[in-house]
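Take a look at the letters that make up each chain.
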Amino acid sequence: MQQVKLTSADEALKFQLSGEIDAATSEDFYAQVTAAYEHDKKDVIFDCAALTFIDSTTIGTFVKIYKKLKGDGYKTVLEGVRPNVKKLFEICALNTLMEIR
């Protein structure tokens, strides 16, 4: 089960991600993030410390979010990414687009 929780909207929109985000849940993930972003446009930070699994559909969802923000002049940042998830971002060279801390 995945969870997407907006934890802060001060300097940036900060979302805490937990569990698994896959093909079955990625549309909901995208909808939650974009709804908050459309309401208050600013940089988006994903706290991924509790995110245990993503699949290729989720990678595509992160790319859609990245493109939407970049088009508006904002950035996408991932924090606390676990090694197994970080490896997927590196394989797809997304670590060259998004800041991964």
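Calculation criteria
- Residues numbered from 1 in each chain as written.
- Predicted model: local features only at pLDDT ≥ 70, side-chain atom pairs only at ≥ 80, totals over all residues.
- Heavy atoms only, no water.
- Core = buried A, V, L, I, M, F, W, Y, C linked by side-chain atoms within 4.5 Å.
- Buried < 20%, exposed > 50% of the residue type's maximum accessible area, 1.4 Å probe, protein only.
- Helix = DSSP H or I, 4+ residues; strand = E, 2+ residues; numbered from the N terminus.
- Contact = heavy atoms within 4.5 Å.
- Pairing = 2+ DSSP bridges.
- Right-handed = clockwise from strand over helix to strand, strands pointing away.

Draft legend 1. Quick peek at the nonpolar core. Judged by nonpolar contacts, the single largest core of 26 residues is most densely connected at F15, L17, F29, F46, F62, L78 and F89. Elements with a contribution of two residues or more to this core: β2 (13–21), α1 (26–39), β3 (44–54), α2 (56–71) and α3 (83–91). Excluding anything up to four places from it in sequence, L17 contacts Q3, V4, F29, F46, D47, C48, A50, L51 and F62.

Draft legend 2. Examining the pairing of β3 more closely. Here eight bridges tie β2 to β3, and the two strands are oriented parallel to one another. From the neighbouring strand, K14 faces β3, where its bridge partner is I45. A crossover links β2 with its parallel partner β3, the connecting element being α1, and its sense is right-handed. Two elements, β3 and strand β4 (residues 76–79), share four bridges in a ladder whose sense is parallel. Bridge pairing in β4 links V44 to T76. Remark: the β3/α2/β4 crossover connection has right-handed handedness.

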